[in-house]
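Architecture and fold: a report
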Amino acid sequence: MADTPLTVVGAGVAGLAVAARLAPRFPGLVVLERRDRHGTEASSRNSEVVHAGLYYPAGSLKAVHCVRGKQLLYETCERLGIPHRRTGKIVVATEEGEEPELDALLERGRGNGVELERLTAAQCRRLEPNVRAVAGLLSSSTGIVSAHGLMDALLQEARGAGALLQTRAELVGLDRRDRGYRLTVRTPGGTEAITSERVVNAAGLESDRVAALAGIDPDASGYRLHWWKGSYFAVASAKARLLSRLVYPVPTPVHLGIHAVLGLDGRLRFGPDAHHVPERRLDFTVDDGRRAAFGADVRRLVPDIADDDLTPDLAGIRARLQAPGEGFRDFVVAEESGRGLPGLVNMVGIDSPGLTSSLSLAEAVDRLLPA
Ligand SMILES: Cc1cc2nc3c(=O)[nH]c(=O)nc-3n(C[C@H](O)[C@H](O)[C@H](O)COP(=O)(O)OP(=O)(O)OC[C@H]3O[C@@H](n4cnc5c(N)ncnc54)[C@H](O)[C@@H]3O)c2cc1C
């Protein structure tokens, strides 16, 4: 008999959502986390936006899980008292040439089942007088959530159902056995081995490497990750009150664009930008040298914010399947029986909207692991 029926690798929002959902069905579920505590990587270094689901191609996992995840997230926030707010958001065209892209976004969003309203320049001004816009889209179901509040609540639910979180426990080996898997885990006390009937790989930035531990070639499988760093600058003055909702530019194929993020504490930040990190170095410092370039992007949206109003804030790193120059790549959520690895589920490329989608992704993992 294996030590545990199910091991989840990684205690970010994806792993914790899976643990909370599956703990009742898999008594003694174990979550392995290499850091001192849960949720210190992508899941706590993001915009904390509950995305509506307007950006993603129809039928993609990102579209489906974002829309379903948003609904589950708001329900869970209400049920468990997790701090959140339905702020709404506007996407603005700052010049006329961007209007066709705004209309394409409107069509795509409505196709995904998202409630959207087309706004004239005057309507944008009425909602957000300090924003430069020739036209806009209002998404009233977009909001913000405390990522830590969500993860703490998910961990509590998982623990309440008997799950165990083992921190400072890094998975370094994953071998198929007759029934299940043998996991080699590096801990401060040395290396340990545990056996598990099933394994969910929710290792974020390292999920391609964890899949490789099980013998999956990251290139042949299409699981190779590319790290993209995103930095934020905070508005450190009274100008933090210039906006009352989230404000985004028309997106580019590479990212959603530097946008205005409101914190639940009333703080206003702008970000994230997107820089490829080819050497895959985990460096969360924000380079103050980017301030002028950042300021220029910010003023395209809010002309009254000067470079001096901006101070370096946090940075996060996206775990993307998309290489530089590549087009859209979807989430991977795959049970690997087809590769001779039954009971192994890989969650790879869980970049944005992964926070919003987490509870829906957990439902998908649940369906992939029948009793
Ligand atoms: C800058 C930025 C902005 C974003 N904005 C938004 C947003 O506004 N809305 C939204 O919906 N999404 C957003 N996202 C995406 C969202 O943050 C991610 O999709 C989500 O947090 C991914 O969660 P995760 O659990 O997969 O990864 P992580 O939170 O990175 O968790 C993975 C965990 O696995 C652990 N781990 C790795 N390897 C091992 C190992 N070998 N053994 C044990 N543990 C291991 C890590 O230490 C880590 O704790 C943003 C992301 C970034 C970076």
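Residues numbered from 1 in each chain as written. Predicted model: local features only at pLDDT ≥ 70, side-chain atom pairs only at ≥ 80, totals over all residues. Heavy atoms only, no water.

With that settled, consider the sheet that holds strand S4 (residues 84-85). Taken together, the three strands give an open sheet; going across it, the order is S3-S8-S4, and neighbouring strands pair in antiparallel fashion. Edge positions in the sheet fall to strand S3 (49-50) and S4, since each of these pairs with one other strand and no more. In terms of strand pairing, S4 meets strand S8 (residues 143-145) through two bridges, oriented antiparallel. Within S8, the position partnered with His84 by the bridge is Val145. (Pairing = 2+ DSSP bridges. Helix = DSSP H or I, 4+ residues; strand = E, 2+ residues; numbered from the N terminus.)

Moving on, we come to helix H3 (residues 99-111). When the terminal C-alpha atoms of H3 are compared, their 18 Å separation across 13 residues agrees well with the 18 Å that a helix rising 1.5 Å per residue should span. Residues of H3 that are buried: Leu102, Leu105, Leu106 and Gly109. On an axial view of H3, the arc spanned by its buried residues comes to 105°, and they lie on one face. The exposed residues of H3 that point more than 90 degrees off its buried face are Pro100, Glu107 and Gly111. Contacts from the buried residues of H3 go to strand S5 (89-93), strand S6 (116-120) and strand S7 (135-139). (Expected span 1.5 Å × (residues − 1). Buried < 20%, exposed > 50% of the residue type's maximum accessible area, 1.4 Å probe, protein only. Arc of directions from axis to C-beta. Contact = heavy atoms within 4.5 Å.)

Taken domain by domain, the chain holds domain 1 (4-45 + 148-224 + 328-368) and domain 2 (87-141 + 226-320). Just the C-alpha atoms count here: the centres of domain 1 and domain 2 sit 31 Å apart. Taken together, the contact between domain 1 and domain 2 spans 15 residues of the former and twelve residues of the latter. Taken together, the two surfaces of domain 1 and domain 2 that pack against each other cover about 1100 Å², and 56% of this comes from carbon and sulfur. Three residues, Arg45, Leu205 and Asp351, lead the burial of domain 1 against domain 2; their summed loss comes to 54% of the area buried on that side. Applying the counting criterion to the domain 1 and domain 2 interface returns three salt bridges. (Domains from an automatic or database assignment. Buried area = accessible area lost by both parts, 1.4 Å probe. Salt bridge = Lys/Arg side-chain N within 4 Å of Asp/Glu carboxyl O.)

This brings us to the site of the ligand. Of all residues adjacent to the ligand, which total 39 residues, the nearest are Glu33, Ser43, Val49, Ile350 and Thr356. Gly354 is positioned with one of its backbone polar atoms (N or O) 3.4 Å from an oxygen atom of the ligand. Here the ligand loses 98% of its free accessible area of 1000 Å² to cover by the protein chains. When contributions to the shell around the ligand are tallied by element, the ones reaching two or more residues are helix H1 (13-22), strand S10 (170-177), strand S18 (310-320) and helix H9 (354-368). Looking at the shell around the ligand residue by residue, the class counts come to 18 nonpolar, eleven polar and ten charged. When residues of the shell around the ligand are assigned to domains, at least three map to each of domain 1 (4-45 + 148-224 + 328-368) and domain 2 (87-141 + 226-320). (Near = heavy atom within 4 Å. Polar contact = N/O pair within 3.5 Å; in protein donor to acceptor, adjacent residues only side chain to side chain. Areas by Shrake-Rupley, 256 points an atom, 1.4 Å probe, with all protein chains shown as cover. Nonpolar A, V, L, I, M, F, W, Y, C, P; charged D, E, K, R; others polar.)

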